[in-house]
Amino acid sequence: MFRKSRFAVAALLLASAAAVQTSAQTTATTPEGAVIQVADDLRYAPGSLSPEQLSASNADIFVQPSMNVFRRFPRAATEQMVNFYINALGLRSLNPIQLTDTQQMILTGVGSGQIKLSAGQPAGRTYALEGGPTGGTGLRMFTLTYPDMDSVRTRFAEAGFPVPQFRDLGDGTQGAMAVDPGGFPVQIIVRPGAQDNSNDGVGVGIGVSNLDESRAYYREFVGLTELPPVGDAMLGVTKYPYRHGETTIYLYQVAAGVPADNGSSGIQYVVSDAALADARAASRNIGVQTPLNRLAGFGLVTVWLADPDGVTNYFAQVGGPRGGADTAATDPLTVLPPVPDDYVPATTAWGDPDFRGTWPIDHLNGLPLQRTAEQGNRHFLTDEEYDIRQARIEQLAGRYAAEDESDAMGQGHWVEMGVGSRRTSLLVVPQDGRLPAMTEEGQRRAALMRSSWRAGQEFNHWTDFDNWDRCITRGVPASMMPMMYNNGLRIFQAPGLVAIQMEMIHETRVIYTDGRPPIPSQIGHWLGESRGYWEDANTLVVATTNFRPGPSATNIVTSGSPPSNDTPTSAEAKLVERFTMTGPDSIVYETLYTDPVVFTAPWGARLDWVRDDDYEFFEYACHEGNVQIRNYITASRAEAAATAAANP
């Protein structure tokens, strides 16, 4: 069944077009028939970017916790390609994109990413696939993981393809090779605990001619996280993994004289600023396959670059023009500075970056989750808007002082608004700083949610209350956002583990950093199951899955949130967080939340944390004095009885 996904359209899956020879050429046509318009006005003005911005990697502009890959194939193989990827491999079928009157881009879901399939191949390219995945340089294969062999064998047999022949790889996993109907190898790995339908993401195998050069490209320009080398028992090679969220690129050396890149596949990075990727590529003389362009009819801004072996690296921008000469020159309020990455924190006794301490986020109370529609793509307030915000904060501070002077207990210090921020919203993804639309299924689930915050609702049972009403949890990511009180966050560390204690609901998130495998997808937690790793010397990256549906993903007491605590969380939700220490007392906390069941696109926030080790946690005695559930029910029943008596 097809599920609508605005994100799939926004992150359009095009393979590289025939190379545009010069930036003076204004249009080009992809092999699928889509028209692109090369436009110099999308570029940053000369001198508008600092040397530090140009020399940085592109990790700071990723807005999807995975990479997408695309795959071209002969048009005659279309029906069998769809059968192979959706029925045999079991990938999710997403709404196709109508590129022209007669041409579709077929989308299949792999975790939060996609394998994009399109019929048509560019002229002038060689397709020498003989020799399997080690047969030449270029993108040579996909790797997909599954929890058991039987489900894979059954799907292949029912789809009419040869059943994969698995063999033991000696590390608790089994592996097999398959070839899609277009002649492209797919490595199938069975690993206990993996999610079915390959929802753990896609691996991308790339044979390279110069290992050092390619490793530097993906590490220093693209900005992927370099992992330790691994042996591949099936291929007989050493692979060098580079990861972003769910997706891993595996580089391996091939011998001289092998066939050239076949050009039938490539990698897509979904980013917030394609113009910045273009400028960074130009500053390093990286090859361009298609210059910075707009895709006619879609409003998508892209640039298609080439890795050292000619593999297409396609940067697709979500949210319309962000960089460009006009924007950068005239509206600095729309440009969010990159996260500083030059601070090197102290280390723990076992060698990890030391993030331990207390990091309350009270100071962010006055910063709304979403910005107003009138603020558009502005990350920062105008001077007039800032003055209005400051006046409101000062007015509230006066109320606190009046309570103190009169020795009266009121809402005062329980609902402090923090300090004035020049930011327009906590959300920075999408570009407009507003939650994306819900899917039809998300809207259906939202309508079924119950909470004391919903107007016009009757209360007859504990199921008419949400998890926060019942003192269980606010859930994640809601618990990591500021509210009016109990905003303490405290980080503890031990070898292979980071724990975050939250003052609200007195919960603790446990994040393993020791490389242990994920737990089975059937086991769900209110706060999800987190796995983390250290990136560079100052950044902790955490991926959280296995969410148990129930808590709202947003919380009403976070300023600017939806009003009824009815943002559903599905079992397919994924949260990627980045904790970057930028100074001895500062952390930049970034999130990207993806739930394809509920939302049509990802959304993410950026918060500036400040250390305050003198901050004291207050007891959150919620269960101990919680008479709300009983009182709501008895009052609701009494009202219903009175209404019935008045209307016999």
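Criteria and cut-off values
- Residues numbered from 1 in each chain as written.
- Predicted model: local features only at pLDDT ≥ 70, side-chain atom pairs only at ≥ 80, totals over all residues.
- Heavy atoms only, no water.
- Helix = DSSP H or I, 4+ residues; strand = E, 2+ residues; numbered from the N terminus.
- Buried < 20%, exposed > 50% of the residue type's maximum accessible area, 1.4 Å probe, protein only.
- Contact = heavy atoms within 4.5 Å.
- Areas by Shrake-Rupley, 256 points an atom, 1.4 Å probe, with all protein chains shown as cover.
- Salt bridge = Lys/Arg side-chain N within 4 Å of Asp/Glu carboxyl O.
- Phe/Tyr/Trp six-rings, centres within 6.5 Å; stacked < 30°, edge-to-face > 60°.
- Lys NZ or Arg CZ within 6 Å of the ring centre and 35° of its normal.
- Pairing = 2+ DSSP bridges.
- 1 Å grid on protein atoms, 1.4 Å probe; cavity = no way out; pocket = protein on both sides within 12 Å on 5 of 7 lines; lining within 4 Å.
- Points joined across faces, edges and corners; volume = space filled by probe spheres on them.
- Disulfide = S-S within 2.5 Å.
- Polar contact = N/O pair within 3.5 Å; in protein donor to acceptor, adjacent residues only side chain to side chain.
- Patch = residues over 30% accessible without salt bridge, like charges linked within 9 Å, V, L, I, M, F, W, Y side chains within 5 Å.
- Lys, Arg positive; Asp, Glu negative; His and termini not counted.
- Charge placed at Lys NZ, Arg CZ, Asp CG, Glu CD.
- Axes fitted to C-alpha atoms, helices over the stretch in contact; angles between N-to-C directions.
- Parallel < 35°, antiparallel > 145°, perpendicular 65-115°, else oblique.
- Left-handed = near helix turned anticlockwise from the far one by under 90°.
- Nonpolar A, V, L, I, M, F, W, Y, C, P; charged D, E, K, R; others polar.

1. So, the overall build of the protein chain
Helices and strands together make up the secondary structure of the protein chain, namely 10 helices and 29 strands. Per-residue burial for the protein chain yields a buried fraction of 55% across its 648 residues. Residue pairs at least 24 apart in sequence account for 69% of intrachain contacts in the protein chain once pairs closer than 6 positions are excluded. Here the protein chain has roughly 26600 Å² of accessible surface; of this, 53% comes from carbon and sulfur atoms.

2. Some thoughts on the pattern of salt bridges
By the definition in use, this model includes 22 salt bridges. The partner of Arg578 in a salt bridge is Glu590, and the shortest N-O contact between them spans 3.8 Å. Placement of the pair is Arg578 in strand S27 (residues 574-583) and Glu590 in strand S28 (residues 586-594), with a sequence separation of 12 residues. Its relative accessible area of 21% is what places Arg578 among the partly exposed residues. Given a relative accessible area of 19%, Glu590 falls into the buried group. One salt-bridge network, in which partners are shared between bridges, spans Arg215, Arg219, Glu220 and Glu226.

3. A look at the packing of aromatic side chains
When we look at a pair of aromatic rings, we describe it by the centre distance and by the angle of the planes. With the rule as written, the count across this model stands at 21 aromatic pairs. Ring centres 5.3 Å apart and planes at 85 degrees place the aromatic pair Phe84 and Phe161 in the edge-to-face group. With Phe84 in helix H3 (residues 78-88) and Phe161 in the loop between helix H4 (149-159) and strand S8 (167-168), the pair connects residues that are 77 residues apart, well separated along the chain. A centroid spacing of 5.5 Å and a plane angle of 35 degrees characterise the contact between Tyr217 and Phe221, whose relative ring orientation is tilted. Placement of both Tyr217 and Phe221 in helix H5 (residues 211-222) is noted, with a separation of 4 residues, approximately one turn of the helix. Linked through ring pairs, Phe62, Tyr217, Tyr218, Phe221, Tyr269 and Phe315 together constitute an aromatic cluster. Taking NZ or CZ as reference, Arg243 lies 4.2 Å from the ring centre of Tyr533, over its face.

4. A few points about the pairing of strand S25 (residues 529-535)
Judged by how many residues are buried, S25 sits mostly within the fold: 7 of 7 residues are covered. Covered by surrounding structure in S25 are Glu529, Arg531, Tyr533 and Glu535 together with Ser530, Gly532 and Trp534, the residues of both alternating faces. Pairing geometry for strand S24 (residues 507-512) and S25, over 2 bridges, is parallel. Looking at the pairing, Tyr512 lines up with Arg531 of S25. Taken together, the 7 bridges between S25 and strand S26 (residues 539-545) define a ladder with antiparallel strand orientation. The residue bridging Trp534 from the neighbouring strand is Leu540, located in S26.

5. With respect to empty space enclosed by the protein
Following the criterion strictly, the structure yields 7 cavities of 30 Å³ or more and no others. When its volume is computed, the second largest cavity comes out at roughly 70 Å³.

6. Concerning the state of the cysteines
Scanning the model with the defined rule gives 1 disulfide in all. Residue Cys471 pairs covalently with Cys622 via a disulfide, S to S 1.8 Å. Judged by the sign of its S-S torsion, about -65 degrees, the bond between Cys471 and Cys622 is left-handed. Of this pair, Cys471 sits in the loop between helix H9 (440-448) and strand S22 (489-494) while Cys622 sits in the loop between strand S29 (604-610) and helix H10 (628-646), placing them 151 residues apart in sequence. Both residues of the pair, Cys471 and Cys622, count as buried.

7. Notes on helix H6 (residues 274-283)
Among the 10 residues in H6, 8 count as buried, and that is most of the element. Residues of H6 that are buried include every one of Ala274, Ala275, Leu276, Ala277, Asp278, Ala279, Arg280 and Ala281, and no others. Once H6 finishes, Asn285 follows within two positions and takes phi at roughly 60 degrees, a positive value.

8. Quick notes on the environment of Asp148
Relative to the helices and strands, Asp148 resides in the loop between strand S7 (138-146) and H4. Through-space distance from the C-alpha of Asp148 to that of Gln195 is 9.6 Å; in sequence the pair is 47 residues apart. At 3.2 Å, the side chain of Asp148 and the backbone nitrogen of Asp150 are in polar contact. Within the structure, the side chain of Asp148 is placed 2.8 Å from the backbone nitrogen of Ser151, a separation counted as a polar contact.

9. Here we look at the sheet that holds strand S21 (residues 427-429)
The pairing of strands in a sheet happens through backbone hydrogen bonds and is either parallel or antiparallel. Taking strand neighbours across the sheet as the criterion, the 10 strands line up as S20-S22-S23-S24-S25-S26-S27-S28-S29-S21 in an open arrangement whose pairing is mixed. The open sheet terminates on both sides in strands that have one partner only, identified here as strand S20 (357-358) and S21. Sheet topology note: the S27/S28 ladder contains 9 bridges and is antiparallel. Paired with Glu577 across the bridge in S28 is Thr591.

10. With respect to a negative patch on the surface
Where like charges cluster on the molecular surface, the negative patch consists of Glu52, Asp341, Asp342 and Asp536. Along the chain, Asp536 turns up in the loop between S25 and S26.

11. Side note on the side chain of Asn293
The residue Asn293 is located in strand S17 (residues 288-295) in this model. Of the polar contacts made by the side chain of Asn293, one reaches the backbone oxygen of Pro291; its length is 2.8 Å.

12. Thoughts on the packing of H3 against H4
Where H3 contacts H4, the axes come no closer than 9 Å and their chain directions differ by 150 degrees. One element, H3, and the other, H4, form an angle in the roughly antiparallel class. Judged by the sense of rotation from one axis to the other, the crossing of H3 with H4 is right-handed. Each of Asn83, Phe84, Asn87 and Ala88 in H3 lies in contact with H4, whose residues at this interface are Arg155, Phe156 and Ala159. Partitioning the contact of H3 with H4 into residue classes produces 4 nonpolar, 2 polar and 1 charged.

13. Let's talk about the pairing of S29
In terms of burial, S29 is a largely internal element, 5 of the 7 residues being buried. As paired strands, S21 and S29 are joined by 2 bridges and run antiparallel to one another. By the bridge assignment for S29, Val429 is matched with Gly604.

14. Notes on the environment of Thr424
Summarising the element assignment, Thr424 is placed in the loop between helix H8 (383-406) and S21. Here the alpha-carbon distance between Thr424 and His379, two residues 45 residues apart in the chain, equals 5.4 Å. Apart from the residues lying within four places of it in its own chain, the contact partners of Thr424 are Leu367, Pro368, Gln370, Arg371, Gln375, Arg378, His379, Phe380, Leu381 and Arg389. Within the structure, Thr424 has its side chain in polar contact with the side chain of Arg371 (distance 2.9 Å). Separated by 2.6 Å, the side chain of Thr424 and the backbone oxygen of Arg378 make a polar contact.

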